[in-house]
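For reference, the chains in residue letters:
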Amino acid sequence: MRDVPQIATTVIGAGAWGTALAALLAGNGQPTRLWGRDAEQLRRMAASGVNQDYLPDIPLPPALQFEPELHRAVSTARDLLLVVPSHAFGQTLAALRPHIGPSTRLAWASKGFEPETGRLLHQIVEQVIGPKCPMAVITGPTFALEVARGLPTALTVASADQAFANEFAARLHNQAFRAYTSTDMIGAEVGGAVKNILAIAAGIADGLGFGANARAALITRGLTEIMRLGEALGGHKETLMGLAGLGDLVLTCTDDQSRNRRFGLALGRGQSLEAARATIKQVVEGIDATREAHHLALSLGIEMPITEQVYRVLFEGASPRAAVHDLLTREQKAETL
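Residues numbered from 1 in each chain as written. Predicted model: local features only at pLDDT ≥ 70, side-chain atom pairs only at ≥ 80, totals over all residues. Heavy atoms only, no water.

A. Seen up close, the overall build of the chain. Helix and strand content of the chain: 16 helices and eight strands. Here the C-alpha radius of gyration of the chain, 20 Å, is about what a compact globule of 337 residues would show, namely 20 Å. Principal-axis analysis of the C-alpha atoms gives the chain an extent of 65 × 40 × 35 Å. Burial status across the chain gives 55% buried among its 337 residues. Partitioning the intrachain contacts of the chain with sequence separation of at least 6 by distance along the chain shows that 71% fall at a separation of at least 24. (Helix = DSSP H or I, 4+ residues; strand = E, 2+ residues; numbered from the N terminus. Rg over C-alpha atoms; globule rule 2.2 N^0.38 Å. Buried < 20%, exposed > 50% of the residue type's maximum accessible area, 1.4 Å probe, protein only. Contact = heavy atoms within 4.5 Å.)

B. Region of interest: the pattern of salt bridges. Within this structure, the stated rule accounts for 18 salt bridges. Put simply, Asp53 and Arg44 hold a salt bridge, and the shortest N to O gap is 2.9 Å. On the accessibility criterion, Asp53 (48% relative accessible area) is partly exposed. Arg44 sits in the partly exposed class, given a relative accessible area of 34%. A salt bridge links Arg291 to Asp288, with the nearest nitrogen and oxygen atoms 3.1 Å apart. Taken together, the residues Arg291 and Asp288, both in helix α14 (residues 285–300) and three residues apart, mark about one turn of the helix. One continuous salt-bridge network, built from bridges that share partners, spans Arg78, Asp79, Arg105, Glu167 and Arg171. (Salt bridge = Lys/Arg side-chain N within 4 Å of Asp/Glu carboxyl O.)

C. Examining helix α1 (residues 16–27) more closely. Given a rise of 1.5 Å per residue, twelve residues ought to cover 16 Å, and the 16 Å separating the end C-alpha atoms of α1 matches this to within 8%. Summarising burial for α1: ten of the twelve residues are buried, a large majority. Within the span of α1, buried status applies to Trp17, Gly18, Thr19, Ala20, Leu21, Ala22, Ala23, Leu24, Leu25 and Ala26. A positive phi of about 85 degrees marks Gly29, the residue just after α1. (Expected span 1.5 Å × (residues − 1).)

D. Broad picture of the environment of Ser258. Along the chain, the position of Ser258 falls in the loop between α11 (243–254) and α12 (259–268). A C-alpha to C-alpha distance of 26 Å links Ser258 and Leu233, two positions 25 residues apart in sequence. Excluding residues within four positions of it along the chain, Ser258 makes contact with Phe143, Ala199 and Thr252. In this structure the side chain of Ser258 is engaged in a polar contact, spanning 3.4 Å, whose partner is the backbone nitrogen of Asn260. (Polar contact = N/O pair within 3.5 Å; in protein donor to acceptor, adjacent residues only side chain to side chain.)

Printed below as a string of structure tokens:
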């Protein structure tokens, strides 16, 4: 863990997704450093070349560097890539701020709203770091394990700074990993946050044994909810029809690698909220996202009936079966409304 001159990217967060992205960048020949809160974990990773806690038995690129000291990890990097749970995003930014230089650029692969405020993550960056800091969000249909294994993947790099988006996408891009660019950060952030709510809903429906027809309907009508909220907040429908919206939604609603889907499955199969959370053993981002999206929908006057029923299950004690019944017995209307 020696000191080195300025490098291209420091990844903040040594969980599965942070490690997978750091390995991707380093494997693409980009000078990359990984920082995590657990210095002992970083030491083990440096010694073994594997993140045994989160990506067991997958070798990491020898070029990937590990840095347990936050000041060196941040101050020597051109760009920072935050990969932390959304509930810790603001706290992490506050810890980074004293070490960030005037030319530092900030990207993140975190998905969600700020708890209690409902703010999108770029709004937190503007407040904590400043509105002039170049920003980008990395989002789309991705499971860390598949990226770490080098399986084909595509995602979106969204930034109001087109040059930054192009540069970061080029760093990620290789024969198995395709990175598209967008200027619509709001749409990209909303898609990444709300899809977790709908994955819980899809898991509940499957846990109740409602079948493929119900799952397809939830995904389709769920996309409508994402677009309603995204457009109300200033995002673009085209973004939400792409990888950052529809793509991520399909992924998390249909594959059991999704923590949010597995959480919903447990609820649908009769487990209590506490027991279902305990089975996942990691942060279920969709829980906080449900509360914040529900409150945003109420304040903006937007109909989000699936989100509303997930909220009732998570925060008002409604049974999953009763919530689905309420969805199915809503007033008949035209599909486009």
